Amino acid sequence: MSKTKWRSVDGIVLLNKPIGLSSNQALQRVRRLYRAEKAGHTGALDPLATGMLPLCLGEATKFSQFLLDADKRYITCIQLGKRTTTGDREGEILSDEAIPTLTDAQLELVLDCFRGEIEQIPPMYSALKHEGKPLYEYARQGIVIERKRRRVTIANLTLLSRTEDTLTLDIQCTKGTYIRTIGEDIGEALGCGAHLHSLHRVSTAGYSPDGMLSLEEFERIAEQGETELDTYLMTMDTAVEHLNRVELLAEDTREMLFGRSVSNLTSFDDGSLVRLYDHNTQRFLGLGVLKDTIIRPHRLVNTSELANN
């Protein structure tokens with residue numbers, strides 16, 4: 001990659017990550033197509049998982065944390081009756097137990113225990129770090145690290161379909177939720193154990209799945225040239241659309257771009273973050289924070305050419 005002639009390109013693209021690649025491997029494939037100087041993904045998906053992986057290029061990386069913190073939606077298939085070392089189908093089978101016969105009503109009572117605010121213990125096979133190392137590195141050595149329980153919110157959990165030994169669920173949840181753990185915990189609640197058979201992320205932060213492109217689609221578009229490829233970039237402010245919008249007049253725009261505070265003429269809550277735009281050009285400037293009667297710069301995009309005009 002050192003021989004690639006990188007370029008400055010800013011924006012967000014939605015990758016439909018394929019099975020078998022890590023999130024970073026998929027990111028680097030798309031980054032090379034765009035020749036982007038900077039790039040980052042917004043919430044890792046395991047190689048087993050597929051689906052929406054927002055990729056931030058250039059200045060958009062400054063706002064990737066908002067997508068990391070956003071709610072997400074998944075479609076998952078849980079295999080009942082078998083526990084595995086990793087909690088998914090890639091692990092070794094630890095137990096094989098009979099699956100109880102349940103009516104739909106009985107199953108709903110169990111699933112209802114996993115709706116709303118719940119507690120989880122992060123799995124050992126996860127990227128969560130302990131003393132600078134991912135937990136999965138300890139797990140591969142047979143070392144178990146004590147993990148703290150964490151509270152997450154399951155805004156929606158819907159049973160889409162079921163067979164004698166599988167459940168297909170639609171799950172909408174807050175950041176930090178381990179779907180693999182939900183699958184295992186449901187299996188424990190049913191008394192037979194379970195593991196994750198498949199996982200597909202449908203959406204992140206409300207981005208529509210209709211906007212996702214596969215790696216193959218990105219590669220075909222790249223063959224038409226970077227101009228065509230760039231048409232699929234979404235503006236970086238889509239990552240922070242949930243924040244209130246403030247437009248600055250020309251003088252305040254210049255002050256903000258030089259890192260200076262400006263007068264706050266809004267009625268938004270003190271201490272809140274706001275999206276900042278130049279009133280004349282409607283260009284996104286970055287984020288400011290409201291403090292008393294002023295707006296202080298919080299995270300600005302590189303707009304030096306505007307500041308020098």
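Analysis parameters
- Residues numbered from 1 in each chain as written.
- Predicted model: local features only at pLDDT ≥ 70, side-chain atom pairs only at ≥ 80, totals over all residues.
- Heavy atoms only, no water.
- Helix = DSSP H or I, 4+ residues; strand = E, 2+ residues; numbered from the N terminus.
- Buried < 20%, exposed > 50% of the residue type's maximum accessible area, 1.4 Å probe, protein only.
- Contact = heavy atoms within 4.5 Å.
- Areas by Shrake-Rupley, 256 points an atom, 1.4 Å probe, with all protein chains shown as cover.
- Lys, Arg positive; Asp, Glu negative; His and termini not counted.
- Charge placed at Lys NZ, Arg CZ, Asp CG, Glu CD.
- UniProt positions renumbered as here; feature names shortened; annotations may be inferred.
- Pairing = 2+ DSSP bridges.
- Polar contact = N/O pair within 3.5 Å; in protein donor to acceptor, adjacent residues only side chain to side chain.
- Axes fitted to C-alpha atoms, helices over the stretch in contact; angles between N-to-C directions.
- Parallel < 35°, antiparallel > 145°, perpendicular 65-115°, else oblique.
- Nonpolar A, V, L, I, M, F, W, Y, C, P; charged D, E, K, R; others polar.
- Salt bridge = Lys/Arg side-chain N within 4 Å of Asp/Glu carboxyl O.
- Phe/Tyr/Trp six-rings, centres within 6.5 Å; stacked < 30°, edge-to-face > 60°.

### Thoughts on the overall build of the protein chain
If you tally the helices and strands in the protein chain, you get 9 helices and 17 strands. When the backbone C-alpha atoms are referred to their principal axes, the protein chain occupies close to 70 × 50 × 40 Å. Looking at the protein chain residue by residue over its 309 residues, the buried ones come to 44%. In the protein chain, once contacts between residues fewer than 6 apart in sequence are set aside, the share between residues at least 24 apart is 67%. Entry remark: accessible area of the protein chain is about 15,900 Å², with carbon and sulfur atoms responsible for 47%. Side chains of the protein chain carry 37 positive and 44 negative charges; the gap between the two charge centres is 5 Å.

### Regarding the UniProt feature "domain: tRNA pseudouridylate synthase B C-terminal" (unreviewed entry) in the protein chain
This chain's UniProt record puts "domain: tRNA pseudouridylate synthase B C-terminal" (unreviewed entry) on residues 180-240. Annotated as 39% helix and 18% strand, the span residues 180-240 places its first and last C-alpha atoms 28 Å apart.

### Comments concerning the pairing of strand β15 (residues 273-278)
Most of β15 sits out of view: 5 of its 6 residues are buried. Pairing analysis gives 5 bridges linking strand β13 (residues 244-248) to β15, with the strands arranged parallel. Looking at β15, one finds that Asn 244 is bridged to Val 274. Sheet analysis places β15 next to strand β16 (residues 284-291), joined by 5 bridges and oriented antiparallel. Considered in β16, the bridge of Val 274 is made with Gly 288. Hairpin connection, β15 to β16: the antiparallel pair is bridged by 5 residues, and Gln 282 has positive phi, about 65 degrees.

### A look at the side chain of Asp 170
Summarising the element assignment, Asp 170 is placed in strand β11 (residues 166-173). Given a relative accessible area of 8%, Asp 170 falls into the buried group. A polar contact is formed between the side chain of Asp 170 and the side chain of Arg 73, at a distance of 2.7 Å. Ignoring any residue separated from it by four or fewer positions in sequence, one finds Asp 170 in contact with Arg 73, Tyr 74, Ile 75, Asn 156, Leu 157, Thr 158 and Leu 160.

### A look at the UniProt feature "domain: Pseudouridine synthase II N-terminal" (unreviewed entry) in the protein chain
Mapped onto this numbering, the UniProt entry gives "domain: Pseudouridine synthase II N-terminal" (unreviewed entry) at residues 31-179. Along residues 31-179 the backbone is 17% helical and 38% strand, and the end-to-end C-alpha distance reaches 28 Å.

### Re the packing of helix α1 (residues 23-34) against helix α6 (residues 215-222)
Where α1 meets α6, the axes come as close as 10 Å, and the angle between the chain directions of the two elements is 10 degrees. Considering their axes alone, α1 and α6 lie roughly parallel with respect to each other. Contacts between α1 and α6 involve Ala 26, Arg 29, Val 30, Leu 33 and Tyr 34 from the first element and Leu 215, Phe 218, Glu 219 and Ala 222 from the second. Its residues assigned to classes, the contact of α1 with α6 comprises 7 nonpolar, no polar and 2 charged.

### Digging into the pattern of salt bridges
In the structure shown here, the tally under the stated rule is 20 salt bridges. The residue Lys 38 makes a salt bridge to Glu 59 at a minimum N-O spacing of 3.5 Å. Placement of Lys 38 in the loop between α1 and β2 (39-41) and of Glu 59 in the loop between β3 (50-57) and α2 (64-68) is noted, with a sequence separation of 21 residues between them. The exposure class of Lys 38 is partly exposed, given its relative accessible area of 38%. We note a salt bridge from Lys 82 to Asp 96, for which the minimum N-O separation is 3.7 Å. With Lys 82 in strand β5 (residues 82-84) and Asp 96 in strand β6 (residues 93-96), this pair connects stretches of sequence that are 14 residues apart. For Asp 96, a relative accessible area of 55% puts it in the exposed group.

### Remarks on the packing of aromatic side chains
Using the criterion set out here, one finds 3 aromatic pairs in the structure. Seen from their ring centres, Tyr 34 and Phe 218 are 6.3 Å apart, and the 65 degrees between their planes marks the pair as edge-to-face. With a gap of 184 residues between them, Tyr 34 in helix α1 and Phe 218 in helix α6 connect regions that are remote in the sequence. The burial state of Tyr 34 is the same as that of Phe 218; both residues are buried.

### Quick word on the environment of Thr 227
Secondary-structure assignment places Thr 227 in helix α7 (residues 226-230). Taking relative accessible area as the criterion, Thr 227 reaches 67% and is therefore assigned exposed. In this structure the C-alpha to C-alpha distance between Thr 227 and Met 52, which are 175 residues apart in sequence, comes to 24 Å.

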